[in-house]
Amino acid sequence: MVVIDQFSPVVAEVAEPQTPLWQTLAIVVFFVGLIVTLGHTVVGILKVCRLISHSEHHRQADGAVICVTESDVSPFSWMNYIVLSRNDYEAQDAFILAHERGHVRLHHSVDVLLVDIFTALQWFNPAMWMLRQDLRSIHEYEADAAGLSQGFTMLHDQYLLFQT
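S.K.: Please give an account of the environment of Thr69 that cites residues and values.
M.R.: With respect to the helices and strands, Thr69 occurs in strand β2 (residues 65-69). A relative accessible area of 4% places Thr69 in the buried class. Remark: the alpha-carbon pair of Thr69 and Ile52, spanning 17 residues in sequence, is separated by 7.9 Å. Those residues in contact with Thr69 that lie beyond four places of it in its chain are Leu51, Ser55, Val83, Leu84, Ser85 and Arg86.

S.K.: Explain helix α4 (residues 108-121) residue by residue, including any values.
M.R.: With 14 residues, α4 ought to run about 20 Å at 1.5 Å a step, and its terminal C-alpha atoms sit 20 Å apart, in line with that. Among all positions of α4, only His108, Ser109, Val112, Val115, Asp116, Thr119 and Ala120 are buried. Along the long axis of α4, the arc covered by the buried residues comes to 145 degrees, so they all point the same way. Buried residues along α4 sit in contact with α1 (21-53), β3 (76-78), α3 (94-105) and α5 (126-148).

S.K.: How would you explain the sheet that holds β2 if you had to name every residue and give the values?
M.R.: Sheet architecture is open: four strands sit in the order β1-β2-β4-β3, paired in mixed fashion. Taken across any chain shown, the strands that pair with only one partner, and hence form the sheet edges, are β1 (56-59) and β3. Going across the sheet, the axis of each strand differs from the next one's by a mean of 25 degrees, ignoring polarity. Across five bridges, β2 lies against strand β4 (residues 81-85) in parallel orientation. Across the sheet, residue Thr69 finds its bridge partner in β4, namely Ser85. Of the strands in this sheet, β1, β2, β3 and β4 are in contact with α1, which crosses β3 at around 100 degrees. Running over the sheet, α3 touches β2, β3 and β4 and is turned about 150 degrees from β4.

Rules behind the numbers
Residues numbered from 1 in each chain as written. Predicted model: local features only at pLDDT ≥ 70, side-chain atom pairs only at ≥ 80, totals over all residues. Heavy atoms only, no water. Helix = DSSP H or I, 4+ residues; strand = E, 2+ residues; numbered from the N terminus. Buried < 20%, exposed > 50% of the residue type's maximum accessible area, 1.4 Å probe, protein only. Contact = heavy atoms within 4.5 Å. Expected span 1.5 Å × (residues − 1). Arc of directions from axis to C-beta. Pairing = 2+ DSSP bridges. Axes fitted to C-alpha atoms, helices over the stretch in contact; angles between N-to-C directions.

Rendered as structure tokens:
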């Protein structure tokens, strides 16, 4: 015979409430999107770094480094590096160099890196993608203004657009 003491505490097991499946899936989807977006950014940066490291370097008086590559790439800048194809470098187009120096001087690479990180955190938000595109457009206007401030005309800039 089992005697139950009426004063002994009774321990009742309380079931933990289950998290709904949609909440778990939402968290998983968010982190997958974050990882994919950040991964895309990191891969892009690694490709640029590889292109820069495998190019011919020409240090400039203003601290910029012109990287000449055998690849057929459009001129671009990253941090203090201005990347040009061999053809663009040999053409010695002063407007292209002034434009890219404008990007370097205004630290546009830092802006792009920050907005890419914020885009990764807000990858699901269409407004963030529009902001990202708008920032890149503003950077181009600012770099064009840097070239124009050195005496170049918009006709020269427009000629370059039609030439490519």
